Amino acid sequence: MEQVYFICHTCGESFPMGKESLCPKCGSILTVAYEREYLREAGRALKGEGKESMWDYQRVLPPVKRENIVTFQEGCTKIKKSRVLGEELGLDGLFFKDETTNPTGSFKDRSVSVCVSMAKEFGCPGIVVSSSGNGGASTGAYGTKGEIDTIIFVPETTPVGKVAQAIAYGGKVIKVRGNFSCSYRAAVQMAQQKGYMNVTTTFLSPFGLEGYKIIGYEIFDQMGEVPDYIVIPVGAGPVLYGIYKSFAELMDMGYTEKLPRLVCVQAKGCAPISEAWQENRKVIGCKNPRSVASAISDPLLGYEQDGDITVEAIRKTCGYGLTAEDSEILEAGRALAQKEGIFVEPSSAATMAAVRQMKEQGILKPGDTCVCLLTGHGLKDSSAYIPEGLEIPVINTIEELS
Ligand SMILES: *Cc1c(COP(=O)(O)O)cnc(C)c1O
Ligand SMILES: [Zn+2]
């Protein structure tokens, strides 16, 4: 067996890495596994300052030839210590990992950069994604940069504004009749029948998890320790699982004996994972998702088992599953913009709403270190912050302003 290979999350069987994304034996999800000695060697080689992008951690990513790496220097985003909000809440150790500074404005770039690079490594004729949001924008950008056929499936009802960024980057956007499940299915079929790599940012994408994993490596390096908590806005949870995987690997390498507690935050109007954690049961899909936090409103209908994997990772770290009302989310987003100067989309603001709750409930103590993962830029969805019924005054002359 190679030193880096796929392992099935459910049946535990190993397979050589390839462009398929589900276990050939049982159909469950695959993750990338590394031989312990290989990983230890890789860990030693990671030492040193001056990292500029996620690819400076290439030793702990799936092997890929240099010429196949498709990158815009994503990752190595800053960790910013809170200047105001932490002090207001009486927290000394509140930090923000600012993923809004990634090339297309969200952390999805990490997943897509690794996936597109691997698609080139395996000689895939193209890549395909089902996303009208941040995943679609990233795919448009990296597919074009990688000079590989790039198809972005979106539901028929998607407003053109939502895919404007993907189109600007040169992605080929195609509408699929029906709801999100229909465009999701189209991407799966395209991958199966045409040999395209499905880079949809779900658990279907073992390489995407590897990209997310580097967030954890960066946090560990930048802070010089494992924080007590990392608060993560969760849709299906690949990002949370990827971060869990990084700290599990760091433990395996012998760099730490501590896991950070991973806190999953979802919007009240669509919280299948947090509710499953709270009620100590399996995930039940959400029939009627309603929230301003669109990037984390994943109903998980028909693929509930993805959510179960995320719940399992939360439990393994002794973490929490929390929910926030839209009003709390918007309030937190405005506070981040006005007091910290970090403008994030509502999904990311949910982390700050969660921090407030954790402080009020006594989960977070003044001396704890806590990192909020700010996943996406506020300009992605700036209209979300316009107050309801806002009337912007119109004047002829400034004398009318009393
Ligand atoms: C995709 C996304 C998330 C959720 O990530 P998952 O890995 O799907 O759980 C959170 N925030 C933003 C801005 C996103 O685009
Ligand atoms: Zn299996």
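Here is what the cut-offs are and how they apply
- Residues numbered from 1 in each chain as written.
- Chains lettered and ligands numbered in written order.
- Predicted model: local features only at pLDDT ≥ 70, side-chain atom pairs only at ≥ 80, totals over all residues.
- Heavy atoms only, no water.
- Helix = DSSP H or I, 4+ residues; strand = E, 2+ residues; numbered from the N terminus.
- Rg over C-alpha atoms; globule rule 2.2 N^0.38 Å.
- Contact = heavy atoms within 4.5 Å.
- Areas by Shrake-Rupley, 256 points an atom, 1.4 Å probe, with all protein chains shown as cover.
- Lys, Arg positive; Asp, Glu negative; His and termini not counted.
- Charge placed at Lys NZ, Arg CZ, Asp CG, Glu CD.
- Disulfide = S-S within 2.5 Å.
- Buried < 20%, exposed > 50% of the residue type's maximum accessible area, 1.4 Å probe, protein only.
- Pairing = 2+ DSSP bridges.
- Axes fitted to C-alpha atoms, helices over the stretch in contact; angles between N-to-C directions.
- Near = heavy atom within 4 Å.
- Polar contact = N/O pair within 3.5 Å; in protein donor to acceptor, adjacent residues only side chain to side chain.
- Nonpolar A, V, L, I, M, F, W, Y, C, P; charged D, E, K, R; others polar.
- Donors = N, O, S within 2.8 Å, 3.2 Å for Na, K, Ca; no water.
- Tetrahedral: all angles 85-135°; square planar, octahedral: opposite > 155°, others 65-115°.
- UniProt positions renumbered as here; feature names shortened; annotations may be inferred.
- Arc of directions from axis to C-beta.
- Parallel < 35°, antiparallel > 145°, perpendicular 65-115°, else oblique.
- Left-handed = near helix turned anticlockwise from the far one by under 90°.
- Right-handed = clockwise from strand over helix to strand, strands pointing away.

A. Molecular detail of the overall build of the chain. Of regular secondary structure, the chain possesses 12 helices and 13 strands. Taking 402 residues into account, the globule formula puts the C-alpha radius of gyration at 21 Å, and the chain, at 21 Å, falls close to it. C-alpha atoms of the chain, sized along the principal axes, occupy 75 × 50 × 45 Å. Sequence-distant contacts, at least 24 apart, represent 69% of the contacts inside the chain between residues at least 6 apart. Accessible surface, the chain: about 17,300 Å² in total, of which carbon and sulfur atoms supply 50%. Where the 42 positive side-chain charges of the chain centre and where its 49 negative ones centre are 3 Å apart.

B. Seen up close, the state of the cysteines. On inspection of all chains with the given rule, the structure shows 0 disulfides. No disulfide involves cysteine 76; its nearest neighbouring cysteine sulfur is the one of cysteine 115, lying 19 Å away. Using a relative accessible area of 22% as the deciding quantity, one classes cysteine 76 as partly exposed. The cysteine cysteine 286 is free of any disulfide, with cysteine 270 supplying the nearest cysteine sulfur at 4.0 Å. With relative accessibility at 15%, the residue cysteine 286 sits in the buried group.

C. Looking closely at the sheet that holds strand E1 (residues 4-8). Within the open sheet, the 3 strands sit side by side as E2-E1-E3. Their pairing is antiparallel. What marks the edges here is a single partner per strand, and that holds for strand E2 (14-15) and strand E3 (30-34). Alignment of E1 against E2, held across 2 bridges, turns out to be antiparallel. Residue pairing in the sheet places isoleucine 7 in a bridge with serine 14 of E2. On the sheet, helix H7 (residues 206-223) packs against E1 and E3 and is oriented at approximately 55 degrees with respect to E3.

D. View of the site of ligand 1. In the region of ligand 1, 15 residues are neighbours, and Lys108, Asn134, Gly235, Gly237 and Thr375 sit closest. Side-chain polar atom of asparagine 134 to an oxygen atom of ligand 1: 2.7 Å apart, as the coordinates give it. Between an oxygen atom of ligand 1 and a main-chain N or O atom of glycine 237, the distance comes to 2.8 Å. For ligand 1, whose accessible area on its own is 380 Å², the fraction buried by protein is 96%. Split by residue class, the shell around ligand 1 holds 8 nonpolar, 5 polar and 2 charged.

E. Structural detail: the sheet that holds strand E4 (residues 79-81). What the 6 strands build is an open sheet, ordered E4-E5-E13-E10-E11-E12; its pairing is mixed. Two strands bound the open sheet, and with one partner strand each, they are E4 and strand E12 (320-324). Between one strand axis and the next, the sheet turns by 25 degrees as a mean value, whatever way the strands run. Of the pairings in the sheet, the one linking strand E10 (residues 229-233) to strand E11 (residues 261-267) comprises 5 bridges and is parallel in character. Across the sheet, residue valine 231 finds its bridge partner in E11, namely valine 263. Its contacts with the sheet place H7 against E4, strand E5 (93-98), E10 and strand E13 (369-374), and it is angled at close to 135 degrees to E5. In this fold helix H9 (residues 272-279) packs onto E11 and E12, with an angle of close to 125 degrees to the strand it touches most, E12.

F. Highlighting the coordination of the zinc ion (ligand 2). Coordination of the zinc ion (ligand 2) by the protein is provided by Cys8 (SG), Cys11 (SG), Cys23 (SG) and Cys26 (SG), with metal-donor distances spanning 2.3 to 2.4 Å. Every donor counted, the 4 donor atoms about the zinc ion (ligand 2) form angles of 102 to 119 degrees at the centre, which fits tetrahedral coordination. Each donor residue of the zinc ion (ligand 2) belongs to the same chain, and together they define the spacing C-x2-C-x11-C-x2-C. Here cysteine 11 is found in the loop between E1 and E2, whereas its partner cysteine 26 is found in the loop between E2 and E3, with 15 residues between them in sequence. Note on cysteine 11: relative accessible area 32%, which makes it partly exposed. By relative accessible area, which is 40% here, cysteine 26 ends up partly exposed.

G. Layout of the UniProt feature "modified residue: N6-(pyridoxal phosphate)lysine" (unreviewed entry) in the chain. Mapped onto this numbering, the UniProt entry annotates "modified residue: N6-(pyridoxal phosphate)lysine" (unreviewed entry) at Lys108. Examined against the element boundaries, lysine 108 turns out to sit in helix H3 (residues 108-121). Apart from residues lying up to four places away in sequence, lysine 108 is in contact with Asn134, Gly135, Ser138, Thr201 and Tyr212.

H. Just helix H1 (residues 36-45), in detail. The set of residues buried in H1 consists of Leu39, Ala42 and Gly43. Projected onto a plane normal to the axis of H1, the buried residues spread over an arc of 100 degrees and lie on a single side. Elements in contact with the buried residues of H1: E3 and helix H8 (238-252).

I. Region of the structure containing the packing of H7 against H8. Two numbers describe how H7 lies on H8: the axes approach to 7 Å, and their chain directions differ by 55 degrees. Relative to H8, the element H7 is oriented oblique. Once H7 is placed against H8, the crossing between them reads as right-handed. Contacts from Leu209, Glu210, Tyr212, Lys213, Ile215, Gly216, Tyr217, Ile219 and Phe220 of H7 reach H8 at Pro238, Val239, Tyr241, Gly242, Ile243, Lys245, Ser246, Phe247, Glu249 and Leu250. In terms of residue class, the contact of H7 with H8 is made up of 12 nonpolar, 3 polar and 4 charged.

J. Inspection of the pairing of E11 at higher detail. Burial within E11 is extensive, with 6 of its 7 residues counted as buried. For the crossover from E10 across H8 to E11, the handedness is right-handed. Direction of pairing for E11 relative to E12: parallel, over a ladder of 5 bridges. Bridge pairing in E12 links valine 263 to tyrosine 320.

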